[in-house]
Amino acid sequence: MDRLDWLSRNWNQVRPDLDITPWQIWGRTTRIHELFLSRISGVLRAHGLNFKEFQTLAALILFGPPYQASPNEIAKFNLLTSGGMANLLSRMEKEGLVKRKPDDRDRRGVIVEITEQGLDSFNASVVEENAIEHQMVAGLTEEERLILGTLLRKLLLSIDPERLTNGGRRVDTAEGA
């Protein structure tokens with residue numbers, strides 16, 4: 001029995017009129033996320049990173065060489081507001097993980113590029129981070145992992161107001177993907 005089983009049983013006794021099955025999903029996904037962040041934070045900290053910095057470096061790497069993108073493109077990966085992104089990039093630039101340069105396509109914009117230090121920090125931490133991910137799903141068979149991933153994807157696509165097309169462009173769910 002996990003915490004949600006206990007809470008669900010008690011809620012069913014107190015408020016039998018409520019269907020709490022959605023809460024069981026949200027409660028468990030929230031708890032899984034908390035456990036994930038808790039377990040990887042030490043690994044990332046050992047390499048001079050926090051989770052948002054790790055996500056930002058991962059986004060730049062996913063864009064491929066020369067590992068650069070606009071702040072808006074990076075925001076697709078770490079779900080920060082423009083102000084939050086600006087603060088994160090300023091801190092990362094001070095730490096030597098990224099550098100910003102003028103965008104040749106838009107004189108008002110900037111391009112963020114990963115530095116050698118940022119690439120080294122990411123590469124040093126990503127293998128350990130991935131091992132933790134594998135440890136955390138070790139209680140599931142490969143088939144169960146695929147099923148769970150498919151169900152979570154289906155749920156996310158049904159509620160996410162912004163989805164990515166194959167080209168990485170955000171589209172409203174009314175437009176389709």
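Residues numbered from 1 in each chain as written. Predicted model: local features only at pLDDT ≥ 70, side-chain atom pairs only at ≥ 80, totals over all residues. Heavy atoms only, no water.

Participant: Which residues make up the pattern of salt bridges, and what are the values?
Facilitator: The final tally for this structure, using the stated rule, is 9 salt bridges. A salt bridge links Glu34 to Arg31; the nearest nitrogen and oxygen atoms lie 3.6 Å apart. Of this pair, Glu34 and Arg31 both sit in helix 2 (residues 21–46), 3 residues apart, which is roughly one turn of the helix. Among the salt bridges present, the one from Glu113 reaches Lys101, with a minimum N-O distance of 3.3 Å. Remark: Lys101 occurs in strand 2 (residues 98–103) and Glu113 occurs in strand 3 (residues 106–114); sequence separation between them is 12 residues. Judged by relative accessible area, Glu113 falls into the buried class, the value being 14%. Overlapping salt bridges, with partners in common, bring together Asp2, Asp5 and Arg28 in one network. (Salt bridge = Lys/Arg side-chain N within 4 Å of Asp/Glu carboxyl O. Helix = DSSP H or I, 4+ residues; strand = E, 2+ residues; numbered from the N terminus. Buried < 20%, exposed > 50% of the residue type's maximum accessible area, 1.4 Å probe, protein only.)

Participant: Would you mind going over the layout of surface pockets in detail, with residue names and values included?
Facilitator: Of the pockets and cavities examined, the largest pocket occupies roughly 1,900 Å³. Considering the residues around the largest pocket, the lining is formed by 36 residues, among which His33, Gln55, Leu79, Leu152 and Leu156 are closest to the centre. Contributions of two or more residues to the lining of the largest pocket are made by helix 2, helix 3 (51–62), helix 4 (71–78), helix 6 (116–136), helix 7 (142–159) and strand 4 (162–164). (1 Å grid on protein atoms, 1.4 Å probe; cavity = no way out; pocket = protein on both sides within 12 Å on 5 of 7 lines; lining within 4 Å. Points joined across faces, edges and corners; volume = space filled by probe spheres on them.)

Participant: Please give an account of the nonpolar core that cites residues and values.
Facilitator: With 24 residues, the main nonpolar core has Leu49, Leu57, Leu60, Ile74, Met92, Val98 and Val112 as its most contacted residues. Those elements that place two or more of their residues in this core are helix 2, helix 3, helix 4, helix 5 (82–94), strand 3 and helix 6. (Core = buried A, V, L, I, M, F, W, Y, C linked by side-chain atoms within 4.5 Å.)

Participant: Can you tell me about the environment of Leu18, naming the residues and giving the values?
Facilitator: Residue position: Leu18 is located in the loop between helix 1 (3–14) and helix 2. When its relative accessible area of 37% is taken as the criterion, Leu18 is described as partly exposed. Linking Leu18 and Leu49, residues 31 residues apart in sequence, is a C-alpha distance of 42 Å.

Participant: How would you summarise the sheet that holds strand 3 if you had to cite specific residues and measurements?
Facilitator: Here 3 strands make up an open sheet; going across it, the order is 1-3-2 and the pairing antiparallel. Looking at the sheet topology across the chains shown, the edges are occupied by strand 1 (68–69) and strand 2. Here strand 2 pairs with strand 3 via 6 bridges, running antiparallel. Bridged to Arg100 within strand 3 is Val112. The sheet contacts of helix 3 involve strand 1, strand 2 and strand 3, and relative to strand 3 the element is tilted by about 100°. (Pairing = 2+ DSSP bridges. Contact = heavy atoms within 4.5 Å. Axes fitted to C-alpha atoms, helices over the stretch in contact; angles between N-to-C directions.)

Participant: Describe helix 6, with residues and values.
Facilitator: Along its 21 residues, helix 6 runs 30 Å from first to last C-alpha, staying within 8% of the 30 Å computed at 1.5 Å per residue. At Val126, helix 6 is bent by approximately 30°, the largest bend along its length. Every buried residue of helix 6 is listed here: Gly118, Leu119, Ser121, Phe122, Ser125, Glu129 and Ile132. Buried residues belonging to helix 6 abut helix 2, helix 3 and strand 3. (Expected span 1.5 Å × (residues − 1). Bend = angle between axes of the 7 residues up to and from the residue.)

Participant: Provide a residue-level description of helix 3, including the pertinent values.
Facilitator: With 12 residues, helix 3 ought to run about 16 Å at 1.5 Å a step, and its terminal C-alpha atoms sit 16 Å apart, in line with that. Buried residues of helix 3: Glu53, Phe54, Gln55, Thr56, Leu57, Ala58, Ala59 and Leu60, and no others. The N-capping residue of helix 3, defined by a side-chain oxygen 3.1 Å from the backbone nitrogen of Lys52, is Asn50. Phi turns positive, to about 80°, at Gly64, one or two residues after helix 3. (Polar contact = N/O pair within 3.5 Å; in protein donor to acceptor, adjacent residues only side chain to side chain.)

Participant: Account for the pairing of strand 3, naming residues and giving values.
Facilitator: Here strand 1 pairs with strand 3 via 2 bridges, running antiparallel. Note that in strand 3 the partner of Gln68 across the bridge is Glu113. A loop of 2 residues connects strand 2 with strand 3, the two strands running antiparallel in sequence.

Read these as geometric descriptors, not functional statements.
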